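Secondary and tertiary structure notes
Next come the chains, spelled out residue by residue.
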Amino acid sequence: MATLTRQQAARFWATGCVVIEDAATSLQLASMRADFEGWIEESRNHSVPFGEQMDGRTRFDVDPDHSAEHPSLRRVASPTELSDAYLDVLQNSRMTDAVADLIGPDIKFHHSKINSKLPNTATTVKWHQDFTFDPHSNDDLITALLFLDDVTEENGALKVAPGSHRGPLLSLRHGGAFTGAVAEAHAQGFERDTEMQKGPAGSVCLMHSRVAHASSANRSGRARTLFICAISAADAVPLSPYAVPSVHAGLVLRGEDRGKIRSIPFEMETPEVPAGASFFTQQAAM
Ligand SMILES: O=C(O)CCC(=O)C(=O)O
């Protein structure tokens with residue numbers, strides 16, 4: 001039985017984005033939150049990014065204003081490697097069932113991360129498309145952003161430019177450097193035509209990997225934490241090194257891997273893996 005209604009699926013293909021509620025159970029949410037709280041506590045012992053990913057880069061990223069008194073843990077790379085709670089949601093949730101409705105039946109895991117904006121923190125995300133960070137042989141690739149908290153305009157909801165998944169793949173290079181963000185002229189155009197992706201905790205925002213998106217700082221007293229999973233059709237093959245590597249990369253989540261590669265024509269510039277813990281440092285350099 002389908003998880004998405006026909007209207008929800010139609011909205012996704014028309015705008016590049018749809019939010020659905022109850023994508024994880026309250027028990028799953030509580031387990032994910034408990035593990036994240038533990039990582040926040042651990043972050044109080046560090047003044048700079050810490051921990052290690054499988055390729056040797058740092059795993060936990062903190063904002064420049066991070067301190068023991070005012071923790072600002074903004075990224076955990078590959079939480080499924082650290083926590084059964086996150087691995088369980090990736091494998092056993094309506095979030096993943098909904099992705100299979102859109103690009104299945106055969107789907108596989110690419111990578112995951114937690115992006116958090118703790119209360120009154122400065123972290124922002126500049127306009128970009130995920131596909132130009134993680135190109136695949138075809139664009140049946142969805143970024144699923146699961147809300148661990150209620151997401152509102154005030155705590156830094158995702159902003160999406162509806163229909164931009166049908167537009168060009170925009171450059172993330174400016175002045176000779178890979179900045180991880182589109183040019184200012186494109187960003188201004190997207191800002192004029194923005195839809196906020198809001199909803200109660202447990203909702204998931206399913207986003208086409210070509211849709212342009214960004215998000216503002218959290219100016220509220222309430223956290224905005226997202227468990228973000230990139231999931232592709234099983235016949236979409238990654239074309240560039242993993243910016244967030246994972247021992248779970250390639251895990252078949254629904255259906256099976258039939259050993260096929262499907263390609264579509266497109267042209268874009270090659271992405272760059274960030275030297276540090278996350279793309280926040282690439283975007284900050286712009
Ligand atoms: O955390 C956010 O607000 C945006 C996440 C995002 O754009 C991404 O991870 O590609």
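The coordinates are above.
Throughout what follows, the structure given in this document is the object of discussion. Values in this document were obtained by computation on a predicted structure and should not be read as measured data. For every chain, the first residue of the written sequence is number 1, and numbering continues from 1 onward in sequence order. With pLDDT at 70 or above as the cut-off, local features in this predicted model cover only qualifying residues; side-chain atom pairs require 80 or more to be listed or tallied, and sums for whole chains, interfaces and linings still use all residues. Side-chain measures were taken over the full set of non-hydrogen atoms in the model, leaving aside hydrogen atoms and water.

For the rest of this paragraph, the subject is the overall build of the chain. Within the chain, the regular secondary structure consists of 6 helices and 14 strands. Here the C-alpha radius of gyration of the chain, 17 Å, is about what a compact globule of 286 residues would show, namely 19 Å. Principal-axis analysis of the C-alpha atoms places the extent of the chain at approximately 50 × 45 × 35 Å. Throughout, exposure labels follow a simple rule: accessible area from a 1.4 Å probe, protein chains only, divided by the maximum for the residue type, with under 20% read as buried, over 50% as exposed, and the rest as partly exposed. Across the 286 residues of the chain, 55% fall into the buried class. Long-range contacts, defined here as pairs at least 24 residues apart, represent 85% of the contacts in the chain between residues at least 6 apart. Surface accessibility in these figures is a Shrake-Rupley result with a 1.4 Å probe; residues are shielded only by whichever protein chains are displayed. When the accessible surface of the chain is split by element, carbon and sulfur atoms take 52% of a total near 11900 Å². A helix here means a DSSP run of H or I that spans at least four residues, while a strand means a run of E at least two residues long, and both kinds are numbered starting from the N terminus. Taken over C-alpha atoms, the radius of gyration is set against a globule rule of 2.2 Å times the number of residues to the power 0.38. Contact criterion: two residues are considered in contact whenever any of their non-hydrogen atoms come within 4.5 Å of each other.

So, on to the site of the ligand. Every residue near the ligand is listed here: K113, N115, K117, V125, H128, D130, L158, H213, S215, R224, L226 and I228. Under the rule applied, a polar contact is a pair of N or O atoms within 3.5 Å (in protein, one hydrogen donor and one hydrogen acceptor; residues adjacent in sequence only if both atoms are side-chain atoms). Contact distances for the ligand include 3.0 Å between an oxygen atom and a side-chain N or O atom of H128. Measuring from an oxygen atom of the ligand, one finds a side-chain N or O atom of H213 at 3.0 Å. Taking 290 Å² as the accessible area of the ligand by itself, protein coverage stands at 98%. Using a 2 Å cut-off from the grid points, one finds that the ligand occupies the largest cavity. Listed by contribution, the elements that provide at least two residues to the shell around the ligand are strand 4 (107–117), strand 5 (125–128), strand 12 (213–215) and strand 13 (224–233). Split into classes, the residues belonging to the shell around the ligand amount to 4 nonpolar, 4 polar and 4 charged. Working definition: residue near molecule or strand if any one of its non-hydrogen atoms lies within 4 Å of it. Site definitions follow a grid-based scheme: protein atoms alone, a 1 Å grid, a 1.4 Å probe that fits but cannot get out for cavities, and for pockets an open set with protein on both sides within 12 Å along at least five of seven lines, plus lining residues having an atom within 4 Å of a point. To decide whether a molecule occupies a pocket or cavity, check its atoms: if more than half lie within 2 Å of the grid points, it is inside. Under the grouping applied here, Gly and all other residues not named as nonpolar or charged are polar, the nonpolar ones being Ala, Val, Leu, Ile, Met, Phe, Trp, Tyr, Cys and Pro and the charged ones Asp, Glu, Lys and Arg.

Let's shift gears to the environment of A249. Take A249: it is sitting in the loop between strand 13 and strand 14 (252–254). Accessibility expressed as a relative area gives 29% for A249, which makes it partly exposed. Between the alpha carbons of A249 and K108 there is a distance of 8.0 Å; along the sequence they are 141 residues apart. The contacts of A249, once residues within four sequence positions are left out, are F109, H110 and Y242.

With respect to the helices and strands, D235 occurs in the loop between strand 13 and strand 14. For the pair D235 and T25, spaced 210 residues apart in sequence, the C-alpha separation works out to 30 Å. The residues contacting D235, other than those within four sequence positions of it, are S137, N138, K260, I261 and R262.

The next subject is the layout of surface pockets. Grid points are joined across faces, edges and corners, and a volume is the space filled by probe spheres set on the points. What the largest pocket holds in volume is close to 170 Å³. In this structure, the largest pocket is lined by D63, P64, R74, A122, T123, T124, K126, F280, T281, Q283 and A284. By residue number, the principal contributor to the lining of the largest pocket is helix 6 (residues 279–284), which donates 4 residues. A per-class count over the lining of the largest pocket returns 4 nonpolar, 4 polar and 3 charged.

Only Phe, Tyr and Trp rings take part, Trp by its six-membered ring, and two of them pair if their centres are within 6.5 Å. Stacked means planes under 30 degrees apart, edge-to-face means over 60, and tilted covers everything else. Enumeration over the complete set of coordinates arrives at 8 aromatic pairs. With a centroid separation of 4.7 Å and an interplanar angle of 10 degrees, the aromatic rings of F50 and F60 are classed as stacked. Within this pair, whereas F50 is found in the loop between helix 2 (26–43) and strand 2 (60–62), its partner F60 is found in strand 2, the two being separated by 10 residues in sequence. A relative accessible area of 6% places F50 in the buried class. Ring pairing ties together the aromatic residues W39, F50, F60, Y86 and F227, which thus form one cluster. Working rule: Lys NZ or Arg CZ, within 6 Å of ring centre, within 35 degrees of ring normal, means a charge sits over the ring. When the ring centre of F131 is taken as origin, the NZ or CZ atom of R210, which lies over that ring, is 5.9 Å away.

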